[in-house]
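# Breakdown of the fold
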Amino acid sequence: MFIPSSVLIEKDALEYPLGQQLYETFKEQSKVDVVLLKSNRVTGLPKERREKYEAGKKTIVIGVRKTMKFQSCKPSAHFQLPLVTGCIGQCEYCYLNTQFGDKPYTRVYVNVDDILGQAKKYIDEMKEITIFEGAATSDPLPMEDYTHSLAKTINFFGLQEKGRFRFVSKYNNVDSLLGLDHGNHTEIRFSINAEDIIKKFEHKTPSLSQRLLGTQIVIEAKYPSGFIIAPVFLEEGWQKQYGNLLDDIDRTFSNVMLDHPITFEIISHRFTARAKNIINEVFENSELPMDETERKFKYGQFGYGKYVYQKEQLEEMKMFFQQRIEKFSFPHKILYII
Ligand code: SF4
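These numbers were taken from a predicted model, which means no experiment stands behind them.

### What to know about the pairing of strand S9 (residues 130-133)
- Pairing between strand S5 (residues 77-80) and S9: two bridges, direction parallel. In the sheet register, Phe79 faces S9, and the bridge partner there is Phe132.
- Strand direction decides the pairing type here: S9 and strand S10 (residues 163-169), joined by four bridges, are parallel. Note that in S10 the partner of Phe132 across the bridge is Phe165.

Okay, structure coming up:
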């Protein structure tokens with residue numbers, strides 16, 4: 001279980017039972033520095049980016065979600081469901097480094113009932129199956145043993161005829177989610193990569209085998225489940241690396257009883273100029289492949305440009321994953337390869 005070095009509690013958070021409960025929990029822990037903030041502004045972290053990152057990754061902020069307009073979340077879902085922002089992991093390529101570069105801490109929201117109430121409004125307005133993604137701005141699972149917010153959310157969606165919930169994680173502390181009435185309305189996916197990539201770039205996260213074990217456990221609990229394989233690096237020897245990964249998956253699940261096909265979402269590596277700058281500031285000797293001259297520049301949906309692999313490389317990647325996954329001996333479904 002993750003033990004933070006410091007916990008910062010925003011002023012309004014103590015007005016909620018979960019805020020009080022988290023305050024009591026962390027107050028009991030002698031190694032955790034608990035600070036009651038005078039406002040809802042987070043203060044006290046170092047200014048310099050690298051130091052800030054290191055301190056932030058050991059810090060939990062307990063706050064109230066004020067914005068109740070949920071962002072869209074293509075291609076994974078209709079809307080983001082914000083229970084947590086940030087993550088304790090230290091993956092070099094993480095999109096949170098860019099999106100929340102100035103806020104490298106994990107912030108948990110205590111007004112979960114308000115957030116779920118808003119989700120209900122969206123479901124009612126849409127009048128069709130509406131999907132919410134719980135990991136668009138975080139990996140929410142490391143916080144679950146403290147907050148139980150995912151459990152509450154899973155129970156909520158279990159009762160929603162037209163609401164669906166999905167989240168993805170690299171962590172495997174799923175035990176507290178196993179006995180819930182999920183009603184097949186929550187999909188728990190695991191984010192995985194080739195073993196060498198995990199060891200090299202995904203610091204402070206569980207190993208590949210621990211993640212595969214986590215997947216087996218949620219499948220036994222009859223959750224719909226799947227994998228996000230991302231980011232896929234198309235560097236020398238990639239076919240062998242990812243071939244080994246797909247072999248591992250096939251071996252692991254060929255004899256598992258499945259109630260639902262295992263889904264696959266596969267995303268090639270891309271980066272922006274801003275991301276590259278931030279990564280190089282935080283991880284001084286990063287070996288992430290980010291040579292612009294080898295990539296194709298493409299404008300993204302939010303107006304900024306990103307460097308993606310060349311068209312031929314992406315076509316080869318698509319073909320490779322399609323052909324290998326089609327041979328799996330268990331029921332499966334590819335959602336997208338991009
Ligand atoms: Fe980012 Fe996911 Fe790694 Fe956390 S586990 S640092 S969210 S990539």
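### Side note on the sheet that holds S9
- Strand order across the open sheet formed by eight strands is S4-S5-S9-S10-S11-S13-S14-S17, with mixed pairing between neighbours. Two strands in the sheet have a free side with no partner beyond their single neighbour: strand S4 (72-73) and strand S17 (332-337).
- Relative to strand S14 (residues 262-268), strand S13 (residues 225-232) is paired through five bridges, and the arrangement is parallel. The residue bridging Val232 from the neighbouring strand is Ser268, located in S14.
- Against the sheet, helix H6 (residues 149-158) makes contact with S9, S10 and strand S11 (186-192), and its axis sits at roughly 150° relative to S10, the strand it touches most.

### Some words on the packing of helix H2 (residues 49-56) against helix H10 (residues 273-282)
- Two numbers describe how H2 lies on H10: the axes approach to 8 Å, and their chain directions differ by 80°. Judged by the inter-axis angle, H2 sits roughly perpendicular to H10. On H10, the residues touching Arg49, Arg50 and Tyr53 of H2 are Ile278, Glu281 and Val282.
- A class-by-class count of the residues in the contact of H2 with H10 yields three nonpolar, no polar and three charged.

### Structural notes on unusual backbone geometry
- Between Lys74 and the following residue, Pro75, the backbone shows a cis peptide bond with an omega angle of 0°.
- Examined against the element boundaries, Pro75 turns out to sit in the loop between S4 and S5.
- Cis geometry is adopted by the peptide bond preceding Pro231, which originates at Ala230 and carries an omega value of -15°.
- One can find Pro231 in strand S13.
- The phi dihedral of Lys127 falls on the positive side, at around 60°, and the residue is not glycine.
- Looking at where Lys127 falls in the secondary structure, it is placed in the loop between helix H4 (112-126) and S9.

### As for the environment of Glu202
- Along the chain, Glu202 falls in strand S12 (residues 202-203).
- Apart from the residues lying within four places of it in its own chain, the contact partners of Glu202 are Cys91, Tyr93, Lys170, Asn193, Ile197, Arg211 and Ala230.
- At a separation of 2.5 Å, a polar atom in the side chain of Glu202 contacts the side chain of Tyr93.

### Re the nonpolar core
- Ile229, Tyr242, Ile249 and Phe321 are the most contacted members of the largest nonpolar core, which has 97 residues in total.
- Beyond its immediate stretch of four places on either side in the chain, Phe321 contacts Ile229, Val232, Tyr242, Leu246, Ile266 and Ile337.
- Leu8, Leu45, Val61 and Tyr105 belong to the second largest nonpolar core, which has five residues in total.

### Considering the sheet that holds strand S1 (residues 6-9)
- On the basis of which strands lie adjacent, the open sheet formed by five strands has the order S2-S1-S3-S8-S6 and mixed pairing. A strand with exactly one partner marks an edge of an open sheet, and here the two such strands are strand S2 (33-36) and strand S6 (84-85).
- Where S1 lies against S2, four bridges are found, and the strand directions are parallel. Residue pairing in the sheet places Ser6 in a bridge with Asp33 of S2.

### Overview of the packing of aromatic side chains
- This model, assessed by the stated rule, comprises 23 aromatic pairs.
- Considering the side-chain rings of Phe165 and Phe167, the 5.8 Å spacing of their centres and the 40° angle between planes classify their relative orientation as tilted.
- Judged by its relative accessible area of 1%, Phe165 is buried.
- Among the residues examined, Phe167 registers a relative accessible area of 0% and is labelled buried.
- Seen in terms of ring centroids, Phe227 and Phe264 are 5.8 Å apart; in terms of plane orientation they differ by 40°. Their pairing is tilted. Placement of the pair is Phe227 in strand S13 and Phe264 in strand S14, with a sequence separation of 37 residues.
- Taking the relative accessible area as the measure of exposure, Phe264 reaches 0% and is therefore buried.
- Of the aromatic side chains, those joined through ring pairs into one cluster are Phe70, Phe79, Tyr122, Phe132, Phe156, Phe157, Phe165 and Phe167.

### Thoughts on helix H1 (residues 17-27)
- All of the buried residues in H1 are Leu18, Gly19, Leu22, Tyr23 and Phe26. Projection of H1 onto a plane perpendicular to its axis shows the buried side chains occupying an angular sector of 140°, all on one side.

About the criteria used
Residues numbered from 1 in each chain as written. Predicted model: local features only at pLDDT ≥ 70, side-chain atom pairs only at ≥ 80, totals over all residues. Heavy atoms only, no water. Pairing = 2+ DSSP bridges. Helix = DSSP H or I, 4+ residues; strand = E, 2+ residues; numbered from the N terminus. Contact = heavy atoms within 4.5 Å. Axes fitted to C-alpha atoms, helices over the stretch in contact; angles between N-to-C directions. Parallel < 35°, antiparallel > 145°, perpendicular 65-115°, else oblique. Nonpolar A, V, L, I, M, F, W, Y, C, P; charged D, E, K, R; others polar. Polar contact = N/O pair within 3.5 Å; in protein donor to acceptor, adjacent residues only side chain to side chain. Core = buried A, V, L, I, M, F, W, Y, C linked by side-chain atoms within 4.5 Å. Buried < 20%, exposed > 50% of the residue type's maximum accessible area, 1.4 Å probe, protein only. Phe/Tyr/Trp six-rings, centres within 6.5 Å; stacked < 30°, edge-to-face > 60°. Arc of directions from axis to C-beta.

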